[in-house]
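Fold and contact review
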Amino acid sequence: MRKLMALLFLIAIASVPFLIVVLFSRQGGIWVLGYVTGIITVPVVGIAAIRAMNTLSDEKALIGTAIFGFFVILISFASAFWSFWS
């Protein structure tokens, strides 16, 4: 049962770009481009963040990293919302 659920999950993840393009046509292509870019960049950014945390391994660096992460998320959401209503 666990293998079946894992397989269905992977199929769902792989089909997301197709579904986005089918449902949203031209705008869906922009979403898919973002999806693919995210898949490519997330591991690279994650590895870089882990290496940076190892380099800056005191408590103040952790707080600074958390604040930086918050601002990155905030700016990303603001950019996405701006693109919808501009």
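Shown above is the structure to which this text applies.
The following paragraphs examine the structure supplied in this document. (Residues numbered from 1 in each chain as written. Predicted model: local features only at pLDDT ≥ 70, side-chain atom pairs only at ≥ 80, totals over all residues. Heavy atoms only, no water.)

This next bit is on the overall build of the chain. What the chain contains, in helices and strands, is two helices and zero strands. Here the chain holds 86 residues, and 6% of them are scored as buried. For the chain, the accessible area works out to roughly 7700 Å², and carbon and sulfur atoms hold 78% of it. (Helix = DSSP H or I, 4+ residues; strand = E, 2+ residues; numbered from the N terminus. Buried < 20%, exposed > 50% of the residue type's maximum accessible area, 1.4 Å probe, protein only. Areas by Shrake-Rupley, 256 points an atom, 1.4 Å probe, with all protein chains shown as cover.)

Taken as a whole, this structure holds one aromatic pair when the rule is applied. Ring centres of phenylalanine 70 and phenylalanine 71 lie 5.7 Å apart, and the angle between their planes is 65°; this geometry places the pair in the edge-to-face category. The class of phenylalanine 71 is partly exposed, set by a relative accessible area of 44%. (Phe/Tyr/Trp six-rings, centres within 6.5 Å; stacked < 30°, edge-to-face > 60°.)

What follows deals with the environment of alanine 49. Summarising the element assignment, alanine 49 is placed in helix α1 (residues 2-55). In sequence terms alanine 49 and glycine 69 are 20 residues apart; their C-alpha atoms lie 10.0 Å from each other.

A cluster of nonpolar side chains, contributed by Met1, Leu4, Met5, Leu7, Leu8 and Ile11, occupies part of the molecular surface with about 650 Å² of accessible area. Along the chain, leucine 8 turns up in helix α1. A relative accessible area of 46% places leucine 8 in the partly exposed class. (Patch = residues over 30% accessible without salt bridge, like charges linked within 9 Å, V, L, I, M, F, W, Y side chains within 5 Å. Salt bridge = Lys/Arg side-chain N within 4 Å of Asp/Glu carboxyl O.)

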